[in-house]
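# A look at the structure
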Amino acid sequence: MGFEDTFDYSLESSRVILLPRTRVATFRTSLVHYTLMTEAMDRVGTTFVREGNLEAEQPQLILPKTMEKLLLEGFGEKARAYAQWLSRQPDSLSFLRYGFQLRKEELRFRKVDSPIDSVIHAITREVQERDDPFATVLVGIEDGWEVSLLRFFLEWVQKSLPRNVHDLRQEGFL
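In what follows, the accompanying structure is described. (Residues numbered from 1 in each chain as written. Predicted model: local features only at pLDDT ≥ 70, side-chain atom pairs only at ≥ 80, totals over all residues. Heavy atoms only, no water.)

## Details of the side chain of Thr35
Its place among the elements puts Thr35 in strand β2 (residues 30–39). Classification of Thr35 as buried rests on a relative accessible area of 3%. Beyond its immediate sequence surroundings of up to four residues, Thr35 is in contact with Val49, Arg50, Glu51, Ile123, Val127, Thr136, Val137 and Leu138. (Helix = DSSP H or I, 4+ residues; strand = E, 2+ residues; numbered from the N terminus. Buried < 20%, exposed > 50% of the residue type's maximum accessible area, 1.4 Å probe, protein only. Contact = heavy atoms within 4.5 Å.)

## Concerning helix α4 (residues 116–130)
When the terminal C-alpha atoms of α4 are compared, their 21 Å separation across 15 residues agrees well with the 21 Å that a helix rising 1.5 Å per residue should span. When α4 is considered as a whole, its buried residues turn out to be Ile116, Val119, Ile120, Ile123, Thr124 and Val127. An end-on view of α4 places all buried positions within 125° of arc, on one side of the element. Exposed residues lying more than 90 degrees from the buried face of α4 are Asp117, His121 and Glu129. Its buried side turned inward, α4 meets β1 (15–18), β2, β3 (47–56), β7 (108–112) and β8 (135–141). (Expected span 1.5 Å × (residues − 1). Arc of directions from axis to C-beta.)

What follows is the structure in structure tokens.
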């Protein structure tokens, strides 16, 4: 399978079994404990389980007055003039920038000699019993497991965005 095929198949096959009960925090860094399962491509009845942490940095509010600084690096005079104009517009675009870190040094990997469906069921039950509000359970494909993790992150951010905007408005930032 080529890169594009693996990438597309990874996106299509990725599933979030259990979302964290928490959302990306508006005013601090957020940490998610993930468990990601993939099926061995060359061994029937073998499942790989990866566990680790995904850290979402505090969302950064990008306002028109700070946009000028973002646009200036590497751009010419016209971009500088536009950024200055934009910074003076009261109803100009504001947006949130999300960042994250996948700390692979904390990655745990194990092989389970059971079909993936039974492993999904067992791990989901374990995670629910731990009652960890920061836990997520994911399923992907072996060759594209990192794509599955990134896809989850984007879904988590999308679900968090309305709450983050609400919090910023409530605190007077928007």
